[in-house]
Structure formats: structure tokens, C-alpha cells
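Below, each chain spelled out in residue letters.
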Amino acid sequence: EGAIGSEFKIDASYLSPNVNVASRLEAATEQFGVWLLISHFMINLCSADFGGLCRLIDHVTVKGSKQPIRLYTLDLDYMSLE
């Protein structure tokens with residue numbers, strides 16, 4: 001696997017767990033009744049100011065993972081954004 005036309009090959013297996021988590025979070029937005037779910041992995045990469053705006057929703061273990069994930073949301077009226 002690699003970019004089309006590239007002679008270099010990449011191992012995409014390291015992406016699989018992250019893609020799995022992203023897919024599960026996207027599907028869980030409906031279950032939790034929020035428009036956005038953010039894992040603690042992402043919160044840890046953000047500024048403290050942004051993290052302070054986020055609200056902890058739950059601790060879950062997604063299918064295919066052994067490590068629990070803290071889920072956060074951002075309480076924002078996105079319909080009022082221009």
C-alpha cells in the first residue's frame with residue numbers, strides 16, 4: 001500500500017485502531033444525543049482552554065479495544081454559528 005504512483009510502501013495497520021475508534025465515536029453521537037464526541041486522547045492534544053470547555057460524558061470501552069476511553073462533548077449551539 002502507498003500513495004498512487006509512489007515507490008514507497010506504508011504499513012497502514014497502525015491506522016486501524018484509530019479508524020475503529022473514530023467510527024465508533026461517530027456512531028455513538030446519536031446514542032448520547034450530542035453532535036460531537038471527543039476522546040480523551042484528542043482532549044490531551046488540545047489546549048487547556050479548549051479542554052476546559054468540554055464536558056465529560058462517559059467512560060466506555062469500544063468494541064475491538066481493551067483500553068477504556070473517556071468521552072467528552074462540547075456544549076455549543078452550532079446552529080447559531082455563522
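Just above, that's the structure.
Residues numbered from 1 in each chain as written. Predicted model: local features only at pLDDT ≥ 70, side-chain atom pairs only at ≥ 80, totals over all residues. Heavy atoms only, no water.

(A) Inspection of the overall build of the protein chain at higher detail. In terms of helices and strands, the protein chain carries 3 helices and 3 strands. Taken from the N to the C terminus, the helices and strands of the protein chain come in the order α-β-α-α-β-β. For the protein chain, with 82 residues in total, the buried portion stands at 21%. Long-range contacts, defined here as pairs at least 24 residues apart, represent 42% of the contacts in the protein chain between residues at least 6 apart. Of the accessible surface of the protein chain, which amounts to about 6400 Å², a share of 56% is contributed by carbon and sulfur atoms. (Helix = DSSP H or I, 4+ residues; strand = E, 2+ residues; numbered from the N terminus. Buried < 20%, exposed > 50% of the residue type's maximum accessible area, 1.4 Å probe, protein only. Contact = heavy atoms within 4.5 Å. Areas by Shrake-Rupley, 256 points an atom, 1.4 Å probe, with all protein chains shown as cover.)

(B) Region of interest: the layout of surface pockets. Counted as a void, the largest pocket has a volume near 240 Å³. As for the largest pocket, its lining consists of 15 residues, of which Pro17, Asn18, Val21, Ser39 and Phe41 are closest to the centre. Broken down by secondary-structure element, the contributors of at least two residues to the lining of the largest pocket are α1 (16-32), β1 (38-39) and α2 (40-45). Across the lining of the largest pocket, the residue classes break down as 9 nonpolar, 6 polar and no charged. (1 Å grid on protein atoms, 1.4 Å probe; cavity = no way out; pocket = protein on both sides within 12 Å on 5 of 7 lines; lining within 4 Å. Points joined across faces, edges and corners; volume = space filled by probe spheres on them. Nonpolar A, V, L, I, M, F, W, Y, C, P; charged D, E, K, R; others polar.)

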